[in-house]
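# Structure at a glance
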Amino acid sequence: METDVVALITPICYCEFAVFFTHSLLLVFLAAAPSTTSIPYLEKVDFMKLQNGSDIRGVAVAGVEGEPVTLTEPVTEAIAAAFSAWLLEMKRADGAKPLRVSVGHDSRISAQVLQDAVSRGIAGAGLDVVQYRLASTPAMFNSTLTEDEAFLCPVDGAIMITASHLPYNRNGFKFFTNAGGLGKADIKNILERAADIYKSFTDEGLMKSKRKASESIKRVDYMTVYTSDLVKAVRKAAENIERPLEGFHIVVDAGNGAGGFFAMVFQEKVLQPLGAITSGSQFLEPDGLFPNHIPNPEDKTAMKAITQAVLENKADLGIIFDTDVDRSAAVDSTGHEFNRNRLIALMSAIVLEEHPGTTIVTDSVTSDGLTTFIEKKLGGKHHRFKRGYKNVIDEAVRLNSVGEESHLAIETSGHGALKENHWLDDGAYLMVKVLNKLASARASGIAGGSKVLTDLVEGLQEPGVAVELRLKIDQNHPDLKGGSFREYGMAVLRLLENHIESDPKLQKAPVNYEGVRASGFGGWFLLRLSLHDPVLPLNIEAASHGDAVKLGLAVSSAVKDFHALDMSALDKFIQP
Ligand SMILES: O=P(O)(O)OC[C@H]1O[C@H](O)[C@H](O)[C@@H](O)[C@@H]1O
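Residues numbered from 1 in each chain as written. Predicted model: local features only at pLDDT ≥ 70, side-chain atom pairs only at ≥ 80, totals over all residues.

## Describing the sheet that holds strand β11 (residues 317-321)
Strand order in the open sheet made by the four strands is β10-β11-β12-β13, with mixed pairing throughout. Sheet topology places β10 (250-253) and β13 (337-338) at the edges, where each strand pairs with a single neighbour. Summarising the sheet, β11 and strand β12 (residues 328-332) pair through five bridges and their orientation is antiparallel. Residue pairing for β12: G318 is matched across the bridge by V331. Packing of helix α15 (residues 427-443) onto the sheet brings it into contact with β11 and β12, and relative to β12 it is tilted by some 30 degrees. (Pairing = 2+ DSSP bridges. Helix = DSSP H or I, 4+ residues; strand = E, 2+ residues; numbered from the N terminus. Contact = placed C-beta atoms within 7 Å. Axes fitted to C-alpha atoms, helices over the stretch in contact; angles between N-to-C directions.)

Printed below as a string of structure tokens:
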């Protein structure tokens, strides 16, 4: 195969640097230390604030009032150097063969600057940098698994520069090895190291790493490899027919995210070679200001936009991605969404056909109707776990390790991972499974466009009302008495739990892994702590608005004395 390395520049002489680095990262930077610096002073706590669960997130673009830039170039370089140090330890590298790290980014306006700073951090640590430029998050993970030396794969580690669907001024990092995405503890460790590395930075040191990086960066068109794998997967599912989607009309909406780039690639390199018509696809151009709608399947405007596109174009199917393509949703030819519980129901039906009886791991805000559907209609087992894509994936992996077979971990947010795809959190792969279903139905002579998908979710009971109300905790309120918002939130949850036990109209969920879940009035509610924010999200589902209000009233009366809790969203909902 012809190599696609587009800019192969002789790597720097990293050997002494890498060996030195393995002993002590700090020494590398100290070695060049002159006494003066223009680098702003930062405390360790400033670095720790950049942690957002298993990601790093911060402000990368100046200009928004009250939001100073936290992901500066030196901070970014320190974080990348810290990841490199962590990776060297993890892989027990001895410096004999340099490790390789791939770097990709979404369409944010700060992407280029951060990509350069990340590359300097890695190169300065003596590792090889392979830039993919615009890429999707799942493709980055995939690059740790691909066996293809022509594309400099597999890489030892991968960094995706993205802040998912957050506003344009933010950005951040996700890190991968072939074992998957890094978890919270690893991110904490990396930020601690980054704070130390940052302290040792000097102007001269940074200039030197700039020169080294410019000599050692390689670039590869990796998205070609990734998309051709997707094409192969669909063809395989359709008995190796070359164009199994011939004549299907599929519109894609990427909300101008990296998905925009990816959707174009997805169209040109996945959908079109498979035979699909893609006219009417929209917002494919990457635009970091997201002028049309937020690239987020959880956003109502976004779902409305793709639904309209499907109906106006009389398409068979609509596909929508989030900014970095790790989340997705779909719309059938009648404009009915495969989103949230309906997406999980569809994916469960597909996976349970292939693996009868398997356990489907989902997040905590899934509906009771979904459990009935998975267990009674599909014959599977629904394991409702916690919110957070990493949580559901790790739980599915854990279940398999203790002998309980699970093939799908999926969130209502549109994150989803399959065992067959190395538990890669990949919105595009979810859509490939959906395309497989269309293609294999066609191959076995079943016509009718996306009806084959719609039929799969028949029987799923859907609530008349489903809301998520986000109750903020005022961290400056005197009621917190210097404690954390988490402690305060836990106190709210404890009181609500006691309240439920003494209310005969409510039944506490017998099995629950997060927050307080109860059923009553023909519906249910869940109050839990947000994974990231000082917020208690309250989900309520019921057959009617009246019943949902009764559940809301139960929560409201239980927690009314917590004055640091902003109840306005709930008050508005329960108003007559
Ligand atoms: O806890 P919340 O604030 O509702 O956020 C929860 C969500 O946070 C992020 O968006 C993660 O990517 C999702 O996996 C998770 O479900």
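## Remarks on the sheet that holds strand β14 (residues 359-362)
Read from one edge to the other, the open sheet built from five strands follows the order β15-β14-β16-β17-β18, with strand pairing classed as mixed. Each edge of the sheet is formed by a strand with only one pairing partner; in this case those strands are β15 (381-384) and β18 (424-425). This element, helix α13 (residues 368-377), spans β14 and β15 of the sheet and lies at about 150 degrees to β15. Most of the contacts of helix α14 (residues 389-401) go to strand β16 (residues 406-410), to which it runs at about 170 degrees, and overall it touches β14, β15, β16, β17 (416-418) and β18.

## Regarding helix α17 (residues 485-501)
In this model α17 runs 25 Å from its N-terminal to its C-terminal C-alpha over 17 residues, within 8% of the 24 Å that 1.5 Å per residue would give. Buried residues along α17 sit in contact with β20 (507-508), β21 (516-520), β22 (523-527), β23 (535-542) and α18 (545-559). (Expected span 1.5 Å × (residues − 1).)

## Quick notes on the domain arrangement of the protein
Taken domain by domain, the protein consists of domain 1 (5-220), domain 2 (225-456) and domain 3 (465-574). Facing 26 residues of domain 1, the contacting portion of domain 2 comprises 30 residues. At the level of elements, α6 (137-142) and β8 (180-181) are the ones that each hand at least two residues to the side of domain 1 that touches domain 2. Examining the composition of the side of domain 1 that touches domain 2, we find that five residues originate from one element, α6, more than from any other. (Domains from an automatic or database assignment.)

## Observations concerning the environment of L50
Checked against the element boundaries, L50 lands in the loop between α3 (44-48) and β2 (51-52). Between the C-alpha atoms of L50 and I473, which are 423 residues apart in sequence, the distance is 20 Å.

## Side note on the UniProt feature "domain: Alpha-D-phosphohexomutase alpha/beta/alpha" (unreviewed entry) in the protein
Within this structure's numbering, the places UniProt gives as "domain: Alpha-D-phosphohexomutase alpha/beta/alpha" (unreviewed entry) are residues 52-195, 226-335 and 340-441. Taken end to end, residues 340-441 comprises 52% helix and 18% strand; its first and last C-alpha atoms sit 24 Å apart. (UniProt positions renumbered as here; feature names shortened; annotations may be inferred.)

## Remarks on the packing of helix α9 (residues 222-237) against α15
In contact at an axis separation of 8 Å, α9 and α15 are set at 30 degrees when each is read in the N-to-C sense. The orientation of α9 relative to α15 falls into the category roughly parallel. Considering the relative orientation of α9 and α15, their crossing is right-handed. Contacts from L230, A233, V234 and A237 in α9 reach A428, V432, L435, N436, A439 and S440 in α15. (Parallel < 35°, antiparallel > 145°, perpendicular 65-115°, else oblique. Left-handed = near helix turned anticlockwise from the far one by under 90°.)

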